[in-house]
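Single-letter residue listing:
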Amino acid sequence: MRDLSKFKGLFSALLTPFDGNGKINFNSLEKLIKFNLENGIDGFYVGGSTGEGLLLSNDERKAVYECVADTAKGKATLIAHVGTIHTNDAVDMAKRAEALGYDAVSAVAPYYYSFPLEAIIGYYNDIANSTSLPMIIYNFPASGGFSLTKEIANRLFANEKFIGIKHTSNDMFALRRFKELDREIVVYSGFDETLLAGLAMGADGAIGSTYNFMGGKFKKIMADFNAGRIEEAMQGQNEADEIIEEMIKYGVFQCEKAILTEFGIDMGNCRKPFLPISDEGAKAMKKIAERLMKER
């Protein structure tokens, strides 16, 4: 049986910084990776929604994989999100991740077209069987309409290459059901604002975007929960949720980049069609960044 221990813990869904011309800012990306490592992050989820992976070209996605591997390989567990609508492209990116020494690949279900279940299962198996790396399913029903169930998961996890699920949904009943599959897997809570709820329902860890700058706070939430200090864990979750609630007003990714820029890591803007952060939002994030820096 595969050892799943290195896949448990807190993983940053890594953001992608851009320069003034909209190109990937690899200098800032290296700084962001090192900043996360200093905050005790256990691993990185690279090229997913937070990283604007679907707004990057395939070559750009592979270049990001390479930068992360060069900076963090051996220091954190690395998961490459390779999901896209084109199976061959996903397989190509999975092979690149394998060559770079990643620990696993992951993919969101193919989107836009209403693919039948057998096509989605075939897509996942094609990616999983293309490399020696284990596969983590990215279950994100809001992104394309496909919602993983325990019954579908049992079919997929008959293939030993599948080891986990990134569950980006508020459906905690479904999360618990994934922990009751026919064999042990890793289940990640995918919404930062419900990390504590996910842990209570059996999540082995979490993958989230605000961990890029609140990693220490969320590590403490996990430690408090595991030690039975539930009131302390709830207080930490409430503090984080107040910040997340403010970010939602102005655009989460835009706000995350604004906060990190205040921390001294120039993140630039999100790619179009995302809008830039408003002046009001930038002022609000400046205050949040100042507060977080005092807590460090």
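Residues numbered from 1 in each chain as written. Predicted model: local features only at pLDDT ≥ 70, side-chain atom pairs only at ≥ 80, totals over all residues. Heavy atoms only, no water.

A. Quick look at the overall build of the chain. Summing up its helical and strand segments, the chain has twelve helices and eight strands in all. Relative to a compact globule of 296 residues, whose C-alpha radius of gyration would be 19 Å, the chain shows 18 Å and is just as compact. Its C-alpha atoms put the chain at 50 × 45 × 35 Å along the principal axes. Burial analysis of the chain (296 residues in total) assigns 55% to the buried set. Counted over contacts in the chain with a minimum sequence separation of 6, partners at least 24 positions apart contribute 70%. Of the accessible surface of the chain, which amounts to about 12800 Å², a share of 50% is contributed by carbon and sulfur atoms. Computed over 34 positive and 40 negative side-chain charges, the inter-centroid distance for the chain is 3 Å. (Helix = DSSP H or I, 4+ residues; strand = E, 2+ residues; numbered from the N terminus. Rg over C-alpha atoms; globule rule 2.2 N^0.38 Å. Buried < 20%, exposed > 50% of the residue type's maximum accessible area, 1.4 Å probe, protein only. Contact = heavy atoms within 4.5 Å. Areas by Shrake-Rupley, 256 points an atom, 1.4 Å probe, with all protein chains shown as cover. Lys, Arg positive; Asp, Glu negative; His and termini not counted. Charge placed at Lys NZ, Arg CZ, Asp CG, Glu CD.)

B. Broad picture of the pattern of salt bridges. The full count for this structure, using the stated rule, is 21 salt bridges. A salt bridge links Arg155 to Glu118; the shortest N-O distance between them is 3.0 Å. Residue Arg155 is located in helix H6 (residues 150-156), and its partner Glu118 is located in helix H4 (residues 117-128); the two are separated by 37 residues in the primary sequence. A residue is classified by how much of its surface remains accessible, and Arg155, at 44% relative accessible area, is partly exposed. Across the salt bridge formed by Lys286 and Glu262, the nearest N and O atoms sit 3.5 Å from each other. Of the two residues, Lys286 is situated in helix H12 (residues 279-295) and Glu262 in helix H11 (residues 252-262); the sequence distance between them amounts to 24 residues. Bridged by salt links that share partners, the residues Lys217, Glu239, Arg291 and Glu295 form one connected network. (Salt bridge = Lys/Arg side-chain N within 4 Å of Asp/Glu carboxyl O.)

C. Local environment of the packing of aromatic side chains. With the rule as written, the count across this model stands at eleven aromatic pairs. Plain terms: the ring middles of Tyr113 and Phe115 are 5.7 Å apart, the flat faces sit at 70° to each other, and that makes the pair edge-to-face. Exposure remark for Tyr113: the relative accessible area of 52% places this residue in the exposed category. By relative accessible area, Phe115 is classed as partly exposed at 29%. (Phe/Tyr/Trp six-rings, centres within 6.5 Å; stacked < 30°, edge-to-face > 60°.)

D. Layout of helix H3 (residues 87-99). Over its 13 residues, H3 extends 19 Å from the first C-alpha to the last, a length consistent with the 18 Å expected when each residue adds 1.5 Å. Every buried residue belonging to H3 is among Ala90, Val91, Met93, Ala94 and Ala97, and all of these are buried. One face of H3 carries all of its buried residues, which in axial projection span an arc of 165°. Facing away from the buried side of H3 by more than 90 degrees, the exposed set consists of Asn88 and Ala99. Buried residues along H3 sit against helix H2 (58-72), strand S3 (77-81), strand S4 (104-108) and H4. A positive phi of about 90° marks Gly101, the residue just after H3. (Expected span 1.5 Å × (residues − 1). Arc of directions from axis to C-beta.)

E. How the structure looks around the nonpolar core. One finds Val82, Tyr102 and Tyr124 to be the most contacted residues of the largest nonpolar core, which totals 86 residues. Setting aside anything within four residues of it in sequence, one finds Tyr124 in contact with Ala107, Val108, Ala109, Met135, Ile137, Tyr138, Leu156 and Phe162. One finds Phe11, Ile136, Phe140 and Val186 within the second-largest nonpolar core, a separate group that totals 15 residues. (Core = buried A, V, L, I, M, F, W, Y, C linked by side-chain atoms within 4.5 Å.)

F. Inspection of a nonpolar patch on the surface at higher detail. A contiguous nonpolar surface patch, about 390 Å² in accessible area, is contributed by Ile85, Tyr112 and Tyr113. The topology assignment puts Tyr112 in the loop between S4 and H4. (Patch = residues over 30% accessible without salt bridge, like charges linked within 9 Å, V, L, I, M, F, W, Y side chains within 5 Å.)

G. Layout of the packing of helix H10 (residues 230-250) against H12. Where H10 contacts H12, the axes come no closer than 9 Å and their chain directions differ by 160°. In this view, H10 runs roughly antiparallel relative to H12, as classed from their interaxial angle. The chirality of how H10 crosses H12 is left-handed. The segment H10 lies against H12, with Glu239, Glu242, Ile243, Glu246, Met247 and Tyr250 engaging Glu280, Gly281, Ala284, Met285, Ile288, Arg291 and Leu292. Considering only residue class, the contact of H10 with H12 consists of seven nonpolar, one polar and five charged. (Axes fitted to C-alpha atoms, helices over the stretch in contact; angles between N-to-C directions. Parallel < 35°, antiparallel > 145°, perpendicular 65-115°, else oblique. Left-handed = near helix turned anticlockwise from the far one by under 90°. Nonpolar A, V, L, I, M, F, W, Y, C, P; charged D, E, K, R; others polar.)

H. Seen up close, the side chain of His167. Positionally, His167 belongs in strand S6 (residues 162-167). The residues contacting His167, other than those within four sequence positions of it, are Asn139, Ala174, Leu175, Phe178, Tyr188, Ser189, Gly190 and Phe191.

I. Main features of the pairing of S3. Across the five residues of S3, five count as buried, placing the element largely inside the fold. Residues Thr77, Ile79 and His81 line one face of S3 and the alternating positions Leu78 and Ala80 line the opposite face, and both faces are buried. As paired elements, strand S2 (residues 43-46) and S3 share four bridges and run parallel to each other. Considered in S3, the bridge of Gly43 is made with Thr77. (Pairing = 2+ DSSP bridges.)

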